[in-house]
Amino acid sequence: MMSWDDLRCLACVGRGQTLTSAARTLQTSISTVSRRIERLNNDSSEQIAIKNGNTWTLTNHGKQIAEAAIKFQEQLDKAEADSIYKGKGKLKPRVITLTAPDALISYYLTPVLTDFASREPSIELNIISNPFGKRLGDGSVDMAILLEKPVIGRHIVKKIGTIRDGIFCKTGTTATNWIGLDRSLDELEMMHMGRRFFGKEPDLRISNLSLIKKAVEASGWAGVGMDVLYPKSEGFQSVGGEDTMSETSVWLSYHETRRFDKALQIIRDFMISALKR
């Protein structure tokens, strides 16, 4: 007889999570996750997963069992959310890993994170600075905030706000060199604006918007970024004025099988509220 604790591990792997992220989700150790999957192999009528070094690959039979476990977990999530909504239940403690661009974390989230932690003690929010959202695709995070609309199979994608961005430099500076983002983000409008304005590729690339600001302060060069990072009161100006400003959509994404997860719903609403600041 398969146990639900073992099947929860299989459900995590079935969503594409790594053993590390599955262990974090279930608040256990990697070795325990691995042992539970191995026990499922012994309890099943046929092999569920094949071990490849430190990872497990699901067989076709394993994928069927994992899908059944995922659907059952969805129903449990829905029942929990309904109970909380009616005021009869409370959220179970859990760890949620979120990735977001560093500038969004610094300006929008950091000032309100302590309030969130006090208001939602059952949610341990683990935030990772990551502008690309690649960890969402490999299942190592629960939710991602992105500046480009992600195209990832079986994921819910929702626009949660907009930010103003452009090209900035120190007040009184006539910049001829500019700092852009990593090549992976070349299609962002702020990068297109930089190339149009300067007529060339960036003289320097940094994947972190907060570090670009530090480089702008130290060098006198221009750099791409969010307008909230470059206030006039701190001695910054927009290069090219409104002609080099644009609005960028902010996207939130998580696996579709987590759509009834009350913790993700709470974090989604928190993010929407934070971006309205």
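None of these values were measured; they are calculated from a predicted model. (Residues numbered from 1 in each chain as written. Predicted model: local features only at pLDDT ≥ 70, side-chain atom pairs only at ≥ 80, totals over all residues. Heavy atoms only, no water.)

Moving on: the overall build of the protein. Along the backbone of the protein there are 10 helices and 11 strands. On the principal axes, the C-alpha backbone points of the protein span a range of 75 × 45 × 25 Å. For the protein, the residues scored as buried account for 48% of the 277 residues in total. Expressed as a percentage of contacts within the protein between residues at least 6 apart in sequence, the contacts between residues at least 24 apart total 73%. Positive and negative side-chain charges in the protein, numbering 38 and 33 respectively, have mean positions lying 3 Å apart. (Helix = DSSP H or I, 4+ residues; strand = E, 2+ residues; numbered from the N terminus. Buried < 20%, exposed > 50% of the residue type's maximum accessible area, 1.4 Å probe, protein only. Contact = heavy atoms within 4.5 Å. Lys, Arg positive; Asp, Glu negative; His and termini not counted. Charge placed at Lys NZ, Arg CZ, Asp CG, Glu CD.)

Attention now moves to the environment of isoleucine 65. Within the fold, isoleucine 65 resides in helix H4 (residues 60–85). As a C-alpha pair, isoleucine 65 and alanine 11 span 54 residues in sequence and 8.4 Å in three-dimensional space. In contact with isoleucine 65, not counting residues within four places along its chain, are Met2, Leu7, Leu10 and Ile48.

This part is about the packing of helix H2 (residues 19–26) against helix H3 (residues 30–43). Packed helix pairs are specified by the crossing angle of their axes together with the interaxial distance, meaning the distance between the axes. Close contact between H2 and H3 brings their axes to 8 Å; oriented N to C, the two are set at 100°. On the basis of the axis angle, H2 is roughly perpendicular to H3. Counted together, Leu19, Thr20, Ala22 and Ala23 of H2 and Ile30, Val33 and Ile37 of H3 form the full contact between these two elements. Residue composition of the contact of H2 with H3, grouped by class: six nonpolar, one polar and no charged. (Axes fitted to C-alpha atoms, helices over the stretch in contact; angles between N-to-C directions. Parallel < 35°, antiparallel > 145°, perpendicular 65-115°, else oblique. Nonpolar A, V, L, I, M, F, W, Y, C, P; charged D, E, K, R; others polar.)

The subject of this paragraph is the nonpolar core. Side chains of a nonpolar character, in soluble globular proteins, are inclined to be buried together. Leu104, Ile145, Leu181, Ile212 and Met271 are the most contacted members of the largest nonpolar core, which has 55 residues in total. Filtering out sequence-adjacent residues up to four positions away, isoleucine 145 remains in contact with Leu98, Thr99, Ala100, Pro101, Leu104, Ile160, Val250, Trp251, Leu252 and Met271. Grouped together as the second largest cluster of nonpolar side chains are 20 residues, Cys9, Leu10, Leu58 and Ile70 included. (Core = buried A, V, L, I, M, F, W, Y, C linked by side-chain atoms within 4.5 Å.)

It is worth spelling out the packing of helix H1 (residues 4–14) against H2 at this point. Between H1 and H2, the least distance of the axes is 9 Å, while the angle of their chain directions is 130°. Between H1 and H2, the angle falls in the class oblique. Considering only the axes of H1 and H2, their crossing is right-handed. Here Arg8, Cys9, Cys12 and Val13 of H1 lie close against H2, whose contacting residues are Leu19, Ala22, Thr25 and Leu26. Here the contact of H1 with H2 is built from residues that sort into six nonpolar, one polar and one charged. (Left-handed = near helix turned anticlockwise from the far one by under 90°.)

What follows covers the packing of aromatic side chains. Scanning all chains against the criterion turns up seven aromatic pairs. With a centroid separation of 4.5 Å and 35° between ring planes, the pair formed by phenylalanine 116 and phenylalanine 270 is classed as tilted. One end of the pair, phenylalanine 116, is in helix H6 (residues 113–119); the other, phenylalanine 270, is in helix H10 (residues 262–274), and 154 residues separate them in sequence. Pair check on accessibility: phenylalanine 116 and phenylalanine 270 agree, each one buried. Seen in terms of ring centroids, phenylalanine 168 and tyrosine 230 are 4.7 Å apart; in terms of plane orientation they differ by 5°. Their pairing is stacked. Remark: tyrosine 230 occurs in the loop between strand E9 (222–226) and strand E10 (236–238) and phenylalanine 168 occurs in strand E6 (residues 155–170); sequence separation between them is 62 residues. Given the relative accessible area of 3%, phenylalanine 168 is considered buried. Pairwise contacts between aromatic rings join Phe168, Tyr230 and Phe236 into one cluster. (Phe/Tyr/Trp six-rings, centres within 6.5 Å; stacked < 30°, edge-to-face > 60°.)

Within the sequence span of helix H8 (residues 189–198), burial applies to Met190, Met191, Met193, Gly194, Arg195 and Phe198. Tucked inside the fold, the buried residues of H8 contact E6, strand E7 (178–180), strand E8 (204–205), helix H9 (209–219), E9 and strand E11 (245–255). Glycine 199 sits one or two residues past H8 and shows a positive phi near 70°.

Attention now moves to the pairing of strand E2 (residues 55–58). Residues of E2 alternate between two faces, with Trp56 and Leu58 buried on one and Thr55 and Thr57 left unburied on the opposite face. Of the pairings in the sheet, the one linking strand E1 (residues 49–52) to E2 comprises four bridges and is antiparallel in character. Counted as the bridge partner of isoleucine 50 is threonine 57 from E2. (Pairing = 2+ DSSP bridges.)

Next up on the list: the confidence of the model for the protein. Note that predicted coordinates carrying low pLDDT should not be read in detail. Confidence in the prediction for the protein averages 87 pLDDT; 96% of positions are at 70 or higher. Looking over the protein, one finds the lowest element-wise mean pLDDT in helix H7 (residues 134–137), namely 57, and the highest in E7, namely 97. (pLDDT = per-residue confidence, 0-100.)

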